[in-house]
Amino acid sequence: MVSHILEVEKDLQGLTQDTTTWFWTLTYLENRPVVQLDDGTTIRVSPDGEITISQEG
């Protein structure tokens, strides 16, 4: 999970938009971690352990 967060944060460095006030929120859904960035980027762990990154509105 941490490597995926770092990957997203690396991508943010290329934006011209100021992202210094964006934060990650960690929750647990069905006993699995879900992290969401203020822009809607969401990283989830599926029941089989697969990690996905998506953009939620």
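Quick summary incoming for the structure in this document. Just so we're clear, the structure is a prediction, and the values are computed from it rather than from any experiment. (Residues numbered from 1 in each chain as written. Predicted model: local features only at pLDDT ≥ 70, side-chain atom pairs only at ≥ 80, totals over all residues. Heavy atoms only, no water.)

1. So, helix α1 (residues 2-12)
For the record, the criterion: Partly exposed describes any residue whose relative accessible area lies between the buried limit of under 20% and the exposed limit of over 50%, with all areas from a 1.4 Å probe on protein chains only and scaled to the type maximum. Secondary structure follows DSSP: runs of H or I at least 4 residues long count as helices, runs of E at least 2 residues long count as strands, and numbering of each begins at the N terminus. In this context, the arc is that of the directions from the helix axis out to the C-beta atoms. The contact rule is simple, with two residues in contact once any of their heavy atoms fall within 4.5 Å.
Along α1, the positions that sit buried rather than exposed are Ile5, Val8 and Leu12. On an axial view of α1, the arc spanned by its buried residues comes to 65°, and they lie on one face. In this structure, α1 carries Leu6, Lys10 and Asp11 as exposed residues pointing more than 90 degrees from its buried face. Tucked inside the fold, the buried residues of α1 contact β1 (24-29), β2 (32-37), β3 (41-45) and β4 (51-55).

2. Thoughts on the sheet that holds β1
In plain terms, the rule: In this analysis, strands are considered paired if DSSP registers two or more bridges between them. Convention adopted: a line fitted to C-alpha atoms gives each axis, helices being fitted over their contacting stretch, and angles between N-to-C directions are expressed from 0 to 180 degrees.
Spatially, the 4 strands line up as an open sheet ordered β1-β2-β3-β4, and their pairing is antiparallel. Across the chains shown, the open sheet's two edge strands, defined by having one partner strand only, are β1 and β4. Taking the axes of each pair of neighbouring strands and ignoring which way they run, one obtains an average angle of 20° across the sheet.

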